[in-house]
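# Survey of secondary and tertiary structure
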Amino acid sequence: MKVLMINGSPRHNGNTFCALQEIENQLAKHNIESEIIQIGTSPIRSCINCGSCRQKDKNGCVFEDDICNTVSKKLSESDALIVGTPVYYGQPNGGVLSLMQRVFFSAGQYAQNKPAAAVAACRRGGATATFQSLNMMFQMMNMPVVTSQYWNIVYGREKGEAKLDSEGMQTMRTLANNMAWLLSKIHADGQPQYPAREPWDKMSFIR
Ligand SMILES: Cc1cc2nc3c(=O)[nH]c(=O)nc-3n(C[C@H](O)[C@H](O)[C@H](O)COP(=O)(O)O)c2cc1C
């Protein structure tokens, strides 16, 4: 089994990375593979609602000059997703929001039913709103949200300071243990067992 992790931080070896690395190390103890993809400093486009990805012959996002379609492909090959972000003004940073909105809109079928979790790194405040913002996306993709002993938050300002947040690091290890436990239940029969779904009732309030 494989867990895909997105690091929304532009900073290499920053605090979001420390949190994700702690999860990665703990998942390895359960023999679960993981991969951390960092957005880095390359530009990420926002969704322009062009609808191209919804056309029958299209696969993925029309913009191919950033990592969106690469992330979607990796998500299709993964069993679970963890999205980590630094807190910027009490929210996920712009790049990670743009990326995940486009991945879910253009390739949401690869997210369906897969366990997911959000992780936030902050200096002082705004982490719970950030955490909730990412969870909002998972909750409309039929993704079971994996919890921990506390909200998945680590504290630190300068790179690496989050490693000193011992409770935050423990929260990450607990998250990894809970993720491993849920994956073992979903994959108990070899093939993943997901619930049946009704066809989407696309009701609109204006027609
Ligand atoms: C533009 C910007 C806005 C920020 N806003 C907040 C904030 O609202 N609350 C907070 O606690 N820290 C804030 N920070 C600090 C970062 O969240 C903090 O340094 C975090 O550890 C960075 O994670 P990273 O090392 O993974 O990039 C901000 C940093 C930047 C660059």
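Predicted, not measured: the structure shown is a model, and the values here were computed from it. (Residues numbered from 1 in each chain as written. Predicted model: local features only at pLDDT ≥ 70, side-chain atom pairs only at ≥ 80, totals over all residues. Heavy atoms only, no water.)

The full set close to the ligand counts 17 residues, and Ser9, Thr16, Arg124, Gly125 and Gly156 are the nearest of them. At 2.7 Å, a backbone N or O of valine 87 approaches an oxygen atom of the ligand. Taking alanine 121, its main chain carries an N or O atom lying 3.4 Å from an oxygen atom of the ligand. Considered on its own, the ligand offers 640 Å² of accessible surface; in the complex 77% of this is hidden by protein. Those elements that place two or more of their residues in the shell around the ligand are α1 (15-29), β3 (80-88) and β5 (116-122). Sorting elements by how many residues they give to the shell around the ligand places β3 first, with three residues. Taken together, the residues of the shell around the ligand break down into six nonpolar, seven polar and four charged. (Near = heavy atom within 4 Å. Polar contact = N/O pair within 3.5 Å; in protein donor to acceptor, adjacent residues only side chain to side chain. Areas by Shrake-Rupley, 256 points an atom, 1.4 Å probe, with all protein chains shown as cover. Helix = DSSP H or I, 4+ residues; strand = E, 2+ residues; numbered from the N terminus. Nonpolar A, V, L, I, M, F, W, Y, C, P; charged D, E, K, R; others polar.)

Turning our attention to the pattern of salt bridges. Taken as a whole and judged by the stated rule, the model has seven salt bridges. A salt bridge links lysine 2 to glutamate 35, with the shortest nitrogen-to-oxygen separation between them at 2.9 Å. Of this pair, lysine 2 sits in strand β1 (residues 2-7) while glutamate 35 sits in strand β2 (residues 33-38); the two residues are 33 residues apart in sequence, bridging distant segments of the chain. Given the relative accessible area of 22%, glutamate 35 is considered partly exposed. Two residues, glutamate 77 and lysine 73, come together in a salt bridge whose shortest N-O distance is 2.6 Å. (Salt bridge = Lys/Arg side-chain N within 4 Å of Asp/Glu carboxyl O. Buried < 20%, exposed > 50% of the residue type's maximum accessible area, 1.4 Å probe, protein only.)

In summary, soluble globular proteins display a tendency toward joint burial of nonpolar side chains. Counting residues in hydrophobic clusters, the biggest one holds 27 residues, and the most contacted among them are Ile6, Leu81, Leu99, Met100 and Phe104. Secondary structure elements with two or more residues in this core: β1, α2 (68-76), β3, α3 (94-107), β5 and α4 (127-139). If you tally residues by element for this core, the top one is α3, at six residues. If we skip the residues at most four places from it in the chain, phenylalanine 104 touches Leu75, Leu81, Ala111, Met137, Phe138, Met141 and Met143. (Core = buried A, V, L, I, M, F, W, Y, C linked by side-chain atoms within 4.5 Å. Contact = heavy atoms within 4.5 Å.)

Its place among the elements puts glutamine 21 in helix α1. Judged by its relative accessible area of 27%, glutamine 21 is partly exposed. Between the C-alpha atoms of glutamine 21 and arginine 173, which are 152 residues apart in sequence, the distance is 9.8 Å. For glutamine 21, the contacting residues outside a window of four places in its chain are Ile36 and Lys163.

All right, on to the packing of α2 against α3 then. The angle between the axes and the distance between the axes are what describe a pair of packed helices. Where α2 contacts α3, the axes come no closer than 9 Å and their chain directions differ by 60°. Our classification of the angle between α2 and α3 gives oblique. Handedness of the α2/α3 crossing: right-handed. Note on element contacts: α3 touches α2 through Leu99, Arg102, Val103, Phe104, Ser106 and Ala107, opposite Cys68, Val71, Ser72 and Leu75. Counted by class, the contact of α2 with α3 contains seven nonpolar, two polar and one charged residues. (Axes fitted to C-alpha atoms, helices over the stretch in contact; angles between N-to-C directions. Parallel < 35°, antiparallel > 145°, perpendicular 65-115°, else oblique. Left-handed = near helix turned anticlockwise from the far one by under 90°.)

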